[in-house]
Amino acid sequence: MDCDDCVEKLYAFLDKELAPTERKEVAQHLADCGDCDDNFVFEARFLEVLRDCGTSEIAPAEVRKRIVERLRRDSPPSTL
Ligand SMILES: [Zn+2]
């Protein structure tokens, strides 16, 4: 698995929609790759915020953008 694959499967991974073999591959890549792990932590926090807002749906693009911007301000990723 490369980083593109990993990013593509991140949401499914977080939503626990992946098959066990795929979950294993993503988890393995996250353990090996600091960049994707940062991404994973970020997306996990993003989904937490969505749940706090009372929705488990993926937010509309505009809402998503605002949450992403707020999370970025709160904790700038060390890789940027
Ligand atoms: Zn990666």
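Definitions and cut-offs
- Residues numbered from 1 in each chain as written.
- Predicted model: local features only at pLDDT ≥ 70, side-chain atom pairs only at ≥ 80, totals over all residues.
- Helix = DSSP H or I, 4+ residues; strand = E, 2+ residues; numbered from the N terminus.
- Buried ≥ 20, exposed ≤ 12 C-beta atoms within 10 Å, placed from the backbone.
- Contact = placed C-beta atoms within 7 Å.
- Expected span 1.5 Å × (residues − 1).
- pLDDT = per-residue confidence, 0-100.

1. Observations regarding the overall build of the protein chain
Then, number 1: Summing up its helical and strand segments, the protein chain has 4 helices and 0 strands in all.
Then, number 2: Along the protein chain, from the amino end to the carboxyl end, the secondary structure elements read α-α-α-α.
Then, number 3: Here the protein chain holds 80 residues, and the buried ones make up 9% of them.
Then, number 4: Here the contacts in the protein chain between residues at least 6 apart in sequence split such that 55% fall between residues at least 24 apart.

2. A few points about helix H1 (residues 3-14)
Then, number 1: Compared with the 16 Å implied by 1.5 Å per residue over 12 residues, the 16 Å span of H1 between its first and last C-alpha is a close match.
Then, number 2: Downstream of H1 by a residue or two, Lys-16 has a phi angle that is positive, lying close to 55°.

3. Section: the confidence of the model for the protein chain
Then, number 1: In this model, the protein chain carries an average pLDDT of 82, and 84% of its residues clear a pLDDT of 70 or more.
Then, number 2: Mean pLDDT in the protein chain bottoms out at helix H4 (residues 61-74), which sits at 74, and peaks at helix H2 (residues 20-32), which reaches 95.

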